[in-house]
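Letter by letter, the chains look like this.
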Amino acid sequence: GGGGERSSPFGRDNVPDSIQYSRRVQLSEGKIMSICVRKDLRGQGLGRKMLDAVVEAFDEQVKADFVSLRVRKFTNPTAVELYQKIGFNIDAAVENYYRDGEAALIMTRNLR
């Protein structure tokens, strides 16, 4: 008769109580390496236009999940403010990132 025993490749006495596993999900990152506006052209919205175009390309053409960049923590507050205005968040700081010892802020913007 049917004793209700479970069939297992491990044998009746070796049925695992649980199975642990992990799944690595690879996210697609768009990384902005450098952006610069000539000093005499600053304050006209050119930096924002360039950023908007790059983020749009990462979103629509590359299908990136997020965009990241690094920016000087102390000596580039104007850039940090601009990045925050267009949806970037500060995720972390990396001490001594630049050759002169200044820290960098890692900023990201999720696209998906």
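Structural data are supplied above this passage.
Residues numbered from 1 in each chain as written. Predicted model: local features only at pLDDT ≥ 70, side-chain atom pairs only at ≥ 80, totals over all residues. Heavy atoms only, no water.

Caption draft 1: Structural detail: the overall build of the protein chain. Within the protein chain, the regular secondary structure consists of two helices and four strands. Listing every helix and strand of the protein chain by position from the N terminus yields β-α-β-α-β-β. Taking all 112 residues of the protein chain together, 24% fall into the buried category. Relative to all contacts within the protein chain whose residues are 6 or more apart in sequence, the contacts with residues 24 or more apart total 59%. Here the protein chain displays about 8,900 Å² of accessible surface, and carbon together with sulfur accounts for 47% of that area. (Helix = DSSP H or I, 4+ residues; strand = E, 2+ residues; numbered from the N terminus. Buried < 20%, exposed > 50% of the residue type's maximum accessible area, 1.4 Å probe, protein only. Contact = heavy atoms within 4.5 Å. Areas by Shrake-Rupley, 256 points an atom, 1.4 Å probe, with all protein chains shown as cover.)

Caption draft 2: Here's a closer look at the nonpolar core. If you look at the biggest cluster of nonpolar residues, it comprises 16 residues, and the most contacted ones within it are Ile32, Leu69, Val71, Tyr83, Phe88 and Met107. Where this core is concerned, the elements lending two or more residues are helix H1 (46-62), strand S2 (66-72), helix H2 (77-85) and strand S4 (104-110). Among residues more than four places away in sequence, those in contact with Phe88 are Ile32, Val55, Val67, Leu69, Tyr83, Met107, Thr108 and Arg109. (Core = buried A, V, L, I, M, F, W, Y, C linked by side-chain atoms within 4.5 Å.)

Caption draft 3: Here's a closer look at the packing of aromatic side chains. Scanning the entire structure with this criterion turns up two aromatic pairs. Aromatic pair Tyr97 and Tyr98: ring centres 4.9 Å apart, planes at 85°, arrangement edge-to-face. Here the basic side chain of Arg72 rests over the ring of Tyr98, its NZ or CZ set 4.1 Å away from the ring centre. (Phe/Tyr/Trp six-rings, centres within 6.5 Å; stacked < 30°, edge-to-face > 60°. Lys NZ or Arg CZ within 6 Å of the ring centre and 35° of its normal.)

Caption draft 4: Highlighting unusual backbone geometry. Positive phi values are uncommon outside glycine, yet Lys63 reaches one of about 60°. Turning to its location among the elements, Lys63 is positioned in the loop between H1 and S2. Phi at Asn96 takes a positive value of approximately 55°, unusual for a residue other than glycine. Among the secondary structure elements, Asn96 is positioned in the loop between strand S3 (89-94) and S4.

Caption draft 5: Local environment of the side chain of Thr108. Here Thr108 is to be found in strand S4. Within the structure, Thr108 has its side chain in polar contact with the side chain of Asp91 (distance 2.3 Å). Ignoring any residue separated from it by four or fewer positions in sequence, one finds Thr108 in contact with Phe66, Val67, Ser68, Gly87, Phe88, Asn89 and Asp91. (Polar contact = N/O pair within 3.5 Å; in protein donor to acceptor, adjacent residues only side chain to side chain.)

Caption draft 6: A look at the sheet that holds strand S1 (residues 29-31). Sheet architecture is open: four strands sit in the order S1-S2-S4-S3, paired in mixed fashion. The two strands at the open ends of the sheet, each matched to only one other strand, are S1 and S3. Neighbour-to-neighbour, the strand axes of this sheet turn through a mean angle of 30°, independent of strand direction. Sheet analysis places S3 next to S4, joined by five bridges and oriented antiparallel. When the sheet's bridge partners are listed, Ala92 is paired in S4 with Ile106. (Pairing = 2+ DSSP bridges. Axes fitted to C-alpha atoms, helices over the stretch in contact; angles between N-to-C directions.)

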